[in-house]
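Geometric and topological summary
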Amino acid sequence: MEYPLIIELNVTQDDFIEVEILEQELDAQLYKKSIKKAFVIETVAIAVIVAIMGFMVAKGSIMAAALAFPAFFWLMFLVHFVYNYKWGIQREFNMGVQHLLQNKDSMEFFTAERGMVYFHEDKCEYLTNEQRRFFDYDLIRNIKIIKHLYIFVMKRSKEKSLRGFAYMVIPRRNMDENQQQQLDEICASIIKKYDLKEWITSRIFG
């Protein structure tokens, strides 16, 4: 493979919106896992309380009717969990996406970027109208390739030029087939070398 691979950048707000939708979808998936874990913990806690109260009922210390209280709270936890898991999280995600799409032409959510990207054998230069960023490939946390974009999810860095640099977004629109093939090979090489995991499996973008 020849280096460097030079790509002209023209990242629009629409490109960044696609990345933001992926980020929101990831957040929704993580929140689903979080509330599922919380419900399991709540269920275990209620089960322990019921066991203790059952022992006290058997000893005659409290009335059996008292068991209705933990049962009632567990039922509330169940209703809350089922609603959020089945509908609530998806509803919030849909609202967030609709807000972005309905207002993207009248509001500036993200600043467009123009510039150049230079892919070298073991490092990258990302030069835009905002800043010059120069980094080794080991600072890439994930790579996501969708229909219109290459998305490089960056690790947090203490380097001044990389602070706040969460994503390197490269649209396909300014790339010819040869450049896309080269970048596909570079991405595959980085993923293999640094054992990168999937960032998100998206229902929308794949």
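The structure this text deals with has already been given above.
Residues numbered from 1 in each chain as written. Predicted model: local features only at pLDDT ≥ 70, side-chain atom pairs only at ≥ 80, totals over all residues. Heavy atoms only, no water.

1. As for the sheet that holds strand S3 (residues 123–128)
If you trace the 4 strands from one edge of the open sheet to the other, you get S1-S2-S3-S4, paired in antiparallel fashion. The open sheet is flanked by strand S1 (5–11) and strand S4 (132–136), the only strands paired with a single partner. Averaged over all adjacent pairs, the angle separating strand axes in this sheet is 15°, with direction ignored. Bridging between S3 and S4 involves 5 bridges; their strand directions are antiparallel. Paired with Glu125 across the two strands is Phe134, which belongs to S4. (Pairing = 2+ DSSP bridges. Helix = DSSP H or I, 4+ residues; strand = E, 2+ residues; numbered from the N terminus. Axes fitted to C-alpha atoms, helices over the stretch in contact; angles between N-to-C directions.)

2. Remarks on the pattern of salt bridges
If you walk through the whole model with that rule in mind, you get 8 salt bridges. Where Lys123 meets Asp122, a salt bridge forms, and the shortest distance between an N and an O atom there is 3.0 Å. When its relative accessible area of 36% is taken as the criterion, Asp122 is described as partly exposed. Note that Glu198 is salt-bridged to Lys144, the shortest N-O span being 2.9 Å. Of this pair, Glu198 sits in the segment after helix H3 (177–194) while Lys144 sits in strand S5 (residues 140–145), and the two are 54 residues apart along the sequence. The structure contains a network of salt bridges with shared partners spanning Asp14, Lys104 and Asp105. (Salt bridge = Lys/Arg side-chain N within 4 Å of Asp/Glu carboxyl O. Buried < 20%, exposed > 50% of the residue type's maximum accessible area, 1.4 Å probe, protein only.)

3. Here we look at the nonpolar core
Counting 37 residues, the largest nonpolar core has Phe119, Phe135, Ile140, Phe152, Met168, Ile170 and Leu183 as the members making the most contacts within it. Among the elements that line this core, the one with the most residues is strand S6 (residues 149–154), at 6 residues. (Core = buried A, V, L, I, M, F, W, Y, C linked by side-chain atoms within 4.5 Å.)

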